[in-house]
Amino acid sequence: MMAGQDEHWMQRAIRLAERGLFSAAPNPRVGCTIVKSGVEIGSGWHPGTGEPHAEVFALREAGKAARGATAYVNLEPCSHFGRTPPCADALLEAGVARVVVGHIDPNPQVAGQGIERLRAAGVAVTVGVLEEACDALNKGFFKRMQQGVPWVRVKIAHSLDGRTAMASGESQWITGEEARADVQYWRARSCAVLTGADTLLHDQARLKVRRDLLVRRWPEHPPVENPLRILIDSQLRVSPDHPFFSDLSDVMVCTSADQEGDALAALHHRGIPVLCLPRRGDHLDLNELLQALGERGINELMVESGPRLSGAFIQQQLVDELVLYCAPRWLGSKGLPVVDLPLTRMAKSVLLDVQDQRQFGADWRIIAVPEYTTESAL
Ligand code: AOF
Ligand code: ZN
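Residues numbered from 1 in each chain as written. Chains lettered and ligands numbered in written order. Predicted model: local features only at pLDDT ≥ 70, side-chain atom pairs only at ≥ 80, totals over all residues. Heavy atoms only, no water.

## Describing the coordination of the zinc ion (ligand 2)
Around a metal, the perfect tetrahedron of four donors has angles of 109.5 degrees, and the perfect octahedron of six donors has angles of 90 or 180 degrees.
Right, so step 1: Protein-derived coordination of the zinc ion (ligand 2) comes from His 53 (ND1), Cys 78 (SG) and Cys 87 (SG), at a distance range of 2.0 to 2.2 Å.
Right, so step 2: Considering all four donor atoms around the zinc ion (ligand 2), the spread of angles at the metal, 98 to 119 degrees, places the coordination shape in the tetrahedral class.
Right, so step 3: Taken in sequence order, the residues that donate to the zinc ion (ligand 2) follow the motif H-x24-C-x8-C. Residue His 53 is found in the loop between strand 2 (39–45) and helix 2 (54–62), and its partner Cys 78 is found in the loop between strand 3 (70–75) and helix 3 (87–94); the two are separated by 25 residues along the sequence.
Right, so step 4: Given a relative accessible area of 4%, Cys 78 falls into the buried group. (Donors = N, O, S within 2.8 Å, 3.2 Å for Na, K, Ca; no water. Tetrahedral: all angles 85-135°; square planar, octahedral: opposite > 155°, others 65-115°. Helix = DSSP H or I, 4+ residues; strand = E, 2+ residues; numbered from the N terminus. Buried < 20%, exposed > 50% of the residue type's maximum accessible area, 1.4 Å probe, protein only.)

This is the structure in structure tokens:
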């Protein structure tokens, strides 16, 4: 089989996997296509936890024709009995002759054993086709499996003069509708969306996925699971009557472990789950938060906060990716900064590795990865 063909069909597997972009978590997004004589004879994708895996749907569709065919999967077929039996066994039973894998599954229950089992049974296995794209699709799942914590993505909308709000905190709306529709895409693919008290005290944000805006950005109408909405409020300044709490099915408040009194009692009274975190300098220990979120199966965390909290995530070197929307507008010299980072020397500056830049309406979106050094730690 020509390498170009492998790439073509792996791209198809990735497209199938993307149908689970907003619903597969905490499981990875997985797609599978079964190909014989250059023709797809079965396809499938994993819709979410508890549902059959991608390979199972694809094999069902292919039926007996799967014998001697090639299966393309963006993630290594599993080898363990989880909620479903191992996909490696299903592929063997169906008599598939070759399996092309995009990326190894770092889940310790799998971690190469799926591939081993297939090879041991005489199936030809090719690993690493379009590996980078397969990695990009499941960065959160991979990080949680390898490090126990979610992938942290910080979103910031700012003006061309580097301001995120007026001095009063007023910030609606800096960017235009297209950029805001794109924000819905990131929210929908996140397992959790996090904000801070400063933000909620200034606006009526609920951090819900706006499906009317999402369909503009992603018109296929795939299933969407609501992300967990997290409020960081170390002093419990946000009232339980804030619109953020109008729906309690998917909220959580994180506060300081030394909080007590009426405000805490009011949250408990309303049945709002509260996570108490130790302090670390001026902020809560965000690393502890990430550990707790990892244990809850959060793969991708999106931070949509003001400059103080975004700054704390950057200072604690916890940000994996920045999604910046820059609007062609000046908010003036009294406005709030992009992040609160009280640096004094150039040596401490945080370099950003720009991965992608693109225009949304009149605004620019920049995706960048902070390059931390020991020097950039405050
Ligand atoms: C595959 N194909 O489509 C997916 C896989 O609880 P379970 O049984 O659903 O197992 C979940 C684990 O299986 C998940 O953590 C990951 O390692 C793997 N996901 N594997 O062969 C799939 N979704
Ligand atoms: Zn499986």
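## Details of the nonpolar core
Right, so step 1: One finds Leu 194, Ile 230, Ile 232, Leu 286, Leu 289, Leu 301 and Phe 313 to be the most contacted residues of the largest nonpolar core, which totals 29 residues.
Right, so step 2: Mapped by element, the contributors of at least two residues to this core are strand 6 (151–159), strand 8 (192–196), strand 9 (228–232), strand 10 (251–256), helix 11 (286–295), strand 14 (300–303), helix 12 (307–315) and strand 15 (321–327).
Right, so step 3: Formed by 28 residues, the second largest nonpolar core is a distinct cluster that contains Ala 17, Val 100, Ala 188 and Leu 214. (Core = buried A, V, L, I, M, F, W, Y, C linked by side-chain atoms within 4.5 Å.)

## Some remarks on the packing of aromatic side chains
The way to describe two aromatic rings as a pair is by their centre distance and the angle between their planes.
Right, so step 1: One pass over the full model with this rule turns up six aromatic pairs.
Right, so step 2: Relative to Trp 218, the ring of Phe 22 has its centre 5.6 Å away and its plane inclined at 75 degrees; by these criteria the two rings are edge-to-face. A residue pair is termed long-range when its members are at least 10 positions apart, and Phe 22 in the loop between helix 1 (3–17) and strand 1 (31–36) and Trp 218 in the loop between helix 9 (211–217) and strand 9 qualify at 196 residues. The residues Phe 22 and Trp 218 share a single accessibility class, namely buried.
Right, so step 3: Between Tyr 185 and Trp 186 the ring centres are 4.8 Å apart and the planes differ by 70 degrees, which places this aromatic pair in the edge-to-face class. Per residue, the accessibility class of Tyr 185 equals that of Trp 186, and both read buried.
Right, so step 4: Put simply, the rings of Phe 22, Tyr 185, Trp 186 and Trp 218 pair up and form one aromatic cluster.
Right, so step 5: The ring of Tyr 185 carries the charged tip of Arg 217 above its face, separated from the ring centre by 4.4 Å.
Right, so step 6: Sitting over the ring of Phe 244, Arg 229 keeps its end group 4.9 Å from the ring centre. (Phe/Tyr/Trp six-rings, centres within 6.5 Å; stacked < 30°, edge-to-face > 60°. Lys NZ or Arg CZ within 6 Å of the ring centre and 35° of its normal.)

## Details of helix 2
Right, so step 1: For helix 2, the complete set of buried residues consists of Ala 54, Glu 55, Ala 58, Leu 59 and Ala 62. Viewed along the axis of helix 2, the buried residues span an arc of 120 degrees, placing them on a single side of the element. Opposite its buried face, helix 2 presents the exposed residues Arg 60 and Glu 61, each directed more than 90 degrees away.
Right, so step 2: In this structure, the buried side of helix 2 is in contact with strand 1, strand 2, strand 3 and helix 3.
Right, so step 3: Directly beyond the C-terminal end of helix 2, a positive phi value near 60 degrees is found at Gly 63. (Arc of directions from axis to C-beta. Contact = heavy atoms within 4.5 Å.)

## Points about the packing of helix 11 against helix 12
Right, so step 1: Direction vectors running N to C along helix 11 and helix 12 enclose 85 degrees, while the axes themselves pass 10 Å from each other. Between helix 11 and helix 12, the interaxial angle falls into the category roughly perpendicular. On the side of helix 11, the interface is formed by Leu 286, Leu 289 and Leu 290, while helix 12 contributes Leu 309, Ala 312 and Phe 313.
Right, so step 2: Of the residues assigned to the contact of helix 11 with helix 12, the class counts are six nonpolar, no polar and no charged. (Axes fitted to C-alpha atoms, helices over the stretch in contact; angles between N-to-C directions. Parallel < 35°, antiparallel > 145°, perpendicular 65-115°, else oblique. Nonpolar A, V, L, I, M, F, W, Y, C, P; charged D, E, K, R; others polar.)

## Digging into the site of ligand 1
Right, so step 1: Close to ligand 1 lie 18 residues, the nearest being His 53, Glu 55, Cys 78, Arg 83 and Asp 105.
Right, so step 2: Interatomic distance of 3.2 Å between a backbone N/O atom of Thr 84 and an oxygen atom of ligand 1.
Right, so step 3: Contact between ligand 1 and Asp 105: an oxygen atom at 2.5 Å from a side-chain N or O atom of the residue.
Right, so step 4: Burial of ligand 1 by the protein chains amounts to 96% of its free accessible area of 510 Å².
Right, so step 5: Residues belonging to the shell around ligand 1 are distributed by class as follows: seven nonpolar, seven polar and four charged. (Near = heavy atom within 4 Å. Polar contact = N/O pair within 3.5 Å; in protein donor to acceptor, adjacent residues only side chain to side chain. Areas by Shrake-Rupley, 256 points an atom, 1.4 Å probe, with all protein chains shown as cover.)

## Things to note about the pattern of salt bridges
Close approach of charged atoms lets side chains of opposite charge pair.
Right, so step 1: Applying the stated rule across the entire model yields 23 salt bridges.
Right, so step 2: Between Asp 89 and Arg 117 there is a salt bridge, with its nearest N and O atoms 2.7 Å apart. Residue Asp 89 is located in helix 3, and its partner Arg 117 is located in helix 4 (residues 113–120); the two are separated by 28 residues in the primary sequence.
Right, so step 3: Owing to a relative accessible area of 31%, Arg 117 belongs among the partly exposed residues under this scheme.
Right, so step 4: A salt bridge links Asp 258 to Arg 279, with the shortest nitrogen-to-oxygen separation between them at 3.6 Å. Pair noted here: Asp 258 is in the loop between strand 10 and helix 10 (262–269) and Arg 279 is in strand 12 (residues 279–280), with a separation of 21 residues, a long-range link.
Right, so step 5: Look at Arg 279 and you get partly exposed, because its relative accessible area is 39%.
Right, so step 6: Several salt bridges converge on common partners, so that one network encompasses Arg 29, Arg 153, Arg 189, Glu 300 and Glu 321. (Salt bridge = Lys/Arg side-chain N within 4 Å of Asp/Glu carboxyl O.)

## Concerning unusual backbone geometry
Right, so step 1: A cis amide bond links Ala 25 to the next residue, Pro 26, at an omega of 5 degrees.
Right, so step 2: Position of Pro 26 relative to the elements: it lies in the loop between helix 1 and strand 1.
Right, so step 3: Here Leu 130, not a glycine, exhibits a phi torsion of approximately 50 degrees, which is positive.
Right, so step 4: When you line up the elements, Leu 130 lands in the loop between strand 5 (124–127) and helix 5 (131–137).

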